[in-house]
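Tertiary structure, described
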Amino acid sequence: SGYAKKHGIDLSGVGSVEQMVGHVYQLSRDQLGCRYLQRQLDEGGPEALETIFGEVIEHIVELTTDPFGNYLCQKLLDRC
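Report follows, based on the coordinates. Note that residues are indexed from 1 along each chain, following the sequence as it is written. Per-residue local features of the predicted model are confined to residues with pLDDT of at least 70, and side-chain atom pairs are confined, for both listing and counting, to 80 or more; whole-chain, interface and lining totals are unaffected and use all residues. The side-chain values count all of the structure's non-hydrogen atoms but skip hydrogen atoms and water molecules.

Our focus in this paragraph is the pattern of salt bridges. Salt bridges are identified by distance alone: a Lys or Arg side-chain nitrogen within 4 Å of an Asp or Glu carboxyl oxygen. The tally for this structure, following the rule as stated, stands at four salt bridges. Of the charged contacts, one joins Asp 66 and Arg 29 as a salt bridge, the two residues approaching to 3.4 Å between their closest N and O atoms. Of this pair, Asp 66 sits in the loop between α5 (60–64) and α6 (69–79) while Arg 29 sits in the loop between α2 (24–28) and α3 (31–43), and the two are 37 residues apart along the sequence. Buried, partly exposed and exposed residues are distinguished by accessible area as a fraction of the type maximum, computed with a 1.4 Å probe on protein chains only: under 20%, between the cut-offs, and over 50%, respectively. For Asp 66, a relative accessible area of 9% puts it in the buried group. Residue Asp 42 pairs with Arg 79 through a salt bridge whose shortest N-O separation is 2.3 Å. Highlighted residues: Asp 42 in helix α3 and Arg 79 in helix α6, separated in sequence by 37 residues. A relative accessible area of 41% places Asp 42 in the partly exposed class. Taken together, the salt bridges that share partners define one network made up of Arg 29, Glu 62 and Asp 66. Helix numbering and strand numbering both begin at the N terminus, where a helix is a DSSP run of H or I of at least 4 residues and a strand a DSSP run of E of at least 2.

Another aspect to go through is the environment of Leu 32. Inspection of the secondary structure assignment puts Leu 32 in helix α3. On the accessibility criterion, Leu 32 (45% relative accessible area) is partly exposed. As for Leu 32 and Asp 42, which are separated by 10 residues in sequence, their C-alpha atoms are 15 Å apart.

So, about the side chain of Asp 66. A polar contact is formed between the side chain of Asp 66 and the backbone nitrogen of Phe 68, at a distance of 2.9 Å. With near-sequence residues (within four places) excluded, Asp 66 lies in contact with Ser 28 and Arg 29. Under the rule applied, a polar contact is a pair of N or O atoms within 3.5 Å (in protein, one hydrogen donor and one hydrogen acceptor; residues adjacent in sequence only if both atoms are side-chain atoms). Whether two residues are in contact is decided by their heavy atoms: any pair within 4.5 Å suffices.

Let's shift gears to α6. Looking only at α6, the buried set comprises Gly 69, Asn 70, Leu 72, Cys 73, Lys 75 and Leu 76. Looking at the packing, one finds that the buried side of α6 touches α2, α3, α4 (45–56) and α5.

So, about the packing of α3 against α4. Think of each axis as a best-fit line through the C-alpha atoms, taken over the contacting stretch in the case of a helix, with angles from 0 to 180 degrees between the N-to-C directions. Interaxial distance between α3 and α4 falls to 7 Å at its minimum, and their mutual angle equals 140 degrees. One element, α3, and the other, α4, form an angle in the oblique class. Contact with α3, carried on its side by Leu 37, Gln 40, Leu 41 and Glu 43, involves Gly 45, Ala 48, Leu 49 and Ile 52 of α4 and no other residues of that element. Of the residues belonging to the contact of α3 with α4, the class tally is five nonpolar, two polar and one charged. Roughly parallel means an angle under 35 degrees; roughly antiparallel means over 145; roughly perpendicular covers 65 to 115; every other angle is labelled oblique. Asp, Glu, Lys and Arg are counted as charged, while Ala, Val, Leu, Ile, Met, Phe, Trp, Tyr, Cys and Pro are counted as nonpolar; the rest, among them Gly, fall into the polar class.

Next up, the structure:
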């Protein structure tokens, strides 16, 4: 993803929660970023869940209608 590359975020693995802080909303609206965040929810543990949820909750209505963000919203509902 262009956004991730520009901000030095490695989307290839689970990575650290710290690298996504402040970027979750933007990543959730990007195809590769959204897949990365979903993988974080599956494999990253409670810290990843708290970080992602905390950064998207104020945008949740918008993300439910976003072409990529809606998948993250569904995954969050499954995890919460």
